[in-house]
Amino acid sequence: MEKAINKHFCIQPFINVSTRVGGQNNVCANINLQDSNIRNESPVDFFRSDNVNNFKTSLLRGEQRAECKLCAYQEKKSGHSHRTESNEYYNIKNNQPNEYYEKMVQRLRISNLKNPLYFDFNVSNLCNQKCLTCTESLSSLLHAENKALGVSEDKNANYTTLDKSKLRALESAITDDLLFLHLVGGEILLVPEVKEILTKVDRERAGRITLQIQTNGTIIPDREWKNIIKKFKRTEITIGIPAFGEDINYIGYPADWKKILATIDHFKQHNINFVIGTVVSNLNIMILDKLFNWIQKNRYQNYFYLLYHPPIFRPTNLPKNLLQIAKERLQKVKMKFENKDSNKFLSDLIRLCDNPNKNSDWKGFCKEIQMRDSYRKNSITDIIPEIKEYMNAK
């Protein structure tokens, strides 16, 4: 009798805590439950809790968790996800029998860790951009715009200030066991409190930690940030770039391509490791070929993944004819990424263009874009002229 295959095991709950900008503790960056919050439970206490232990047990049994819907969506559309990539990073094979995963957690000595090895923290929404595909909890400018437009989810929320509970959470998670510290904004390089805490981390402890930072690339790190970058064992900076050249000013409004190029040149001059990260949406899938060609020409490391939320910006929420244009353009991109996984992901993305979203909300997309364009005094047709005839279609 063949052994049942576990299609849902994920290493994340065994090693990781992800804390959202509102203080919610979760086992993964792709989950946003409200059950635990740093105001009543520290990230470390959450990691040791019965809820997390039960979560781990269910994954070892091969049970599918409703909380993991984002990875399920990504795997259905592209064949890979944060779950599959996390497993592969630790040399754990996907789609194996339960017994295999039980042996792997024992072999890696992660079955009963006291402290997380990986801490992922959405620190603040303080940001100098308001990307269309972002959310107000991750961008202070978008939050302000939403309030001005009367569409804010919570106009009284304060996602920007780092109160004592956030500062304590960050400090408490930097234990002797921590191997990876992943900090996300907003724009993390704008947050002085984070810089202050990282400056205080002693060199011996920092020398064991890989610091991971996400930035939009418009800010060159100052001297204090450079000292922090040098102090840690390794610093990996992801520059979020959704489009090439002036096209980025529409999607990442008000992004400045020249500033991004200046930051990249600065990183190269100072031997600072960076990678280009791209969220694939219906706003950029038709123009990604230009960005991908630029990445390959400069031989930059990169990765990209499918947007899940907000649903109106999912890459397949486009008329079929526009998806075919996207497919034709992507087919002309060479399979020559420095990151070999990106070549496979590009093939998956091309195939995705043949599968329009059956539950599309094109009307909702058009309404949102028209509202934003009117407020910002710009137009989506400046970057995607082919979309004009479809903008009022149902």
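What comes next is a walk through the structure.

1. A few points about the packing of aromatic side chains
Okay, step 1: Scanning all chains against the criterion turns up 21 aromatic pairs.
Okay, step 2: Between the aromatic rings of Y100 and Y101, the centroid separation amounts to 5.1 Å while the plane-to-plane angle is 80 degrees, which identifies the pairing as edge-to-face.
Okay, step 3: Measuring from ring centre to ring centre gives 4.7 Å for W362 and F365, while their planes differ by 20 degrees; the resulting arrangement is stacked. Here W362 pairs with F365, and both are found in helix α17 (residues 362–376), just three residues apart, close to one helical turn. Of the two residues, W362 and F365, both sit in the buried class.
Okay, step 4: One aromatic cluster in this structure is built from F244, W257, F267, F274, W294 and Y300.
Okay, step 5: A cation over an aromatic ring shows up here: K56 above the ring of F47, its NZ or CZ 5.8 Å from the ring centre.
Okay, step 6: Note that R314 overlies the ring of Y308, its terminal NZ or CZ placed 4.2 Å from the centroid.

2. Considerations on helix α16 (residues 340–352)
Okay, step 1: Helix length check: α16 (13 residues) gives 19 Å between terminal C-alpha atoms against 18 Å at 1.5 Å per residue, within 8%.
Okay, step 2: Every buried residue of α16 is listed here: S342, N343, F345, L346, D348, L349, I350 and L352.
Okay, step 3: In the core, the buried residues of α16 are packed alongside α4 (69–78), α5 (82–89), β9 (274–280), α14 (288–298), β10 (302–306) and α15 (320–331).

3. As for the sheet that holds β9
Okay, step 1: Overall, mixed pairing links the eight strands, which are arranged β3-β2-β5-β6-β7-β8-β9-β10 in an open sheet. Two strands in the sheet have a free side with no partner beyond their single neighbour: β3 (25–26) and β10.

4. Looking at the pattern of salt bridges
Pairs can form between side chains of opposite charge once their charged atoms are near each other.
Okay, step 1: Counted by the stated rule, this structure contains 22 salt bridges.
Okay, step 2: In this structure, E63 and R61 form a salt bridge, with 3.9 Å as the shortest nitrogen-oxygen distance.
Okay, step 3: The partner of K200 in a salt bridge is E196, and the shortest N-O contact between them spans 3.4 Å. Placement of the pair is K200 and E196 together in helix α9 (residues 192–200), with a separation of four residues, close to one helical turn.
Okay, step 4: A relative accessible area of 44% means that E196 is categorised as partly exposed.

5. Details of unusual backbone geometry
Okay, step 1: Along the chain, G185 connects to G186 via a cis peptide bond; the corresponding omega equals 15 degrees.
Okay, step 2: Topologically, G186 is positioned in the loop between β6 (180–184) and α9.
Okay, step 3: Cis geometry is found at the peptide bond from Y253 to P254, where omega equals -5 degrees.
Okay, step 4: Tracing the backbone through its elements, the reader meets P254 in the loop between α12 (248–251) and α13 (257–269).
Okay, step 5: The residue N95 is not glycine, and still its phi comes out positive at about 60 degrees.
Okay, step 6: Inspection of the secondary structure puts N95 in the loop between α5 and β4 (96–97).
Okay, step 7: Among the residues examined, N95 registers a relative accessible area of 41% and is labelled partly exposed.
Okay, step 8: The residue R299 is not glycine, and still its phi comes out positive at about 60 degrees.

6. Points about empty space enclosed by the protein
Okay, step 1: Counting across every chain of the model gives one cavity of 30 Å³ or more.
Okay, step 2: Estimates place the volume of the largest cavity at around 50 Å³.
Okay, step 3: If you trace the largest cavity, you find it lined by S78, H80, F304, Y305, L306, F345, D348 and L349.
Okay, step 4: Mapped by element, the contributors of at least two residues to the lining of the largest cavity are β10 and α16.
Okay, step 5: Here the residues of the lining of the largest cavity sort into five nonpolar, two polar and one charged.

7. Details of helix α11 (residues 223–231)
Okay, step 1: Taken together, the buried positions of α11 are W225, I228, I229 and K231. Down the axis of α11, the buried side of the element spans an arc of 165 degrees, and every buried residue falls inside it. Set apart from the buried face of α11 by more than 90 degrees, the exposed residues are R223 and K230.
Okay, step 2: The inward-facing, buried residues of α11 abut α9, α10 (203–206), β7 (210–215) and β8 (234–240).
Okay, step 3: Among the residues of α11, the N-terminal cap falls to D222, whose side-chain oxygen and the backbone nitrogen of E224 are separated by 3.2 Å.

8. Section: the environment of P356
Okay, step 1: Structurally, P356 is set in the loop between α16 and α17.
Okay, step 2: P356 sits 33 residues away from L323 along the chain, and the two C-alpha atoms are 7.6 Å apart.
Okay, step 3: Setting aside anything within four residues of it in sequence, one finds P356 in contact with T316, K320 and L323.

9. Re the pairing of β7
Okay, step 1: Within β7, five of the six residues are buried, which leaves the element mostly enclosed by the surrounding structure.
Okay, step 2: Alignment of β6 against β7, held across four bridges, turns out to be parallel. Looking at β7, one finds that L183 is bridged to I213.
Okay, step 3: By the bridge criterion, six bridges tie β7 to β8 in an arrangement that is parallel. Bridge pairing in β8 places Q212 opposite E236.
Okay, step 4: Note on the crossover from β7 through α11 to β8: the handedness is right-handed.

The rules behind these values
- Residues numbered from 1 in each chain as written.
- Predicted model: local features only at pLDDT ≥ 70, side-chain atom pairs only at ≥ 80, totals over all residues.
- Heavy atoms only, no water.
- Phe/Tyr/Trp six-rings, centres within 6.5 Å; stacked < 30°, edge-to-face > 60°.
- Helix = DSSP H or I, 4+ residues; strand = E, 2+ residues; numbered from the N terminus.
- Buried < 20%, exposed > 50% of the residue type's maximum accessible area, 1.4 Å probe, protein only.
- Lys NZ or Arg CZ within 6 Å of the ring centre and 35° of its normal.
- Expected span 1.5 Å × (residues − 1).
- Contact = heavy atoms within 4.5 Å.
- Pairing = 2+ DSSP bridges.
- Salt bridge = Lys/Arg side-chain N within 4 Å of Asp/Glu carboxyl O.
- 1 Å grid on protein atoms, 1.4 Å probe; cavity = no way out; pocket = protein on both sides within 12 Å on 5 of 7 lines; lining within 4 Å.
- Points joined across faces, edges and corners; volume = space filled by probe spheres on them.
- Nonpolar A, V, L, I, M, F, W, Y, C, P; charged D, E, K, R; others polar.
- Arc of directions from axis to C-beta.
- Polar contact = N/O pair within 3.5 Å; in protein donor to acceptor, adjacent residues only side chain to side chain.
- Right-handed = clockwise from strand over helix to strand, strands pointing away.

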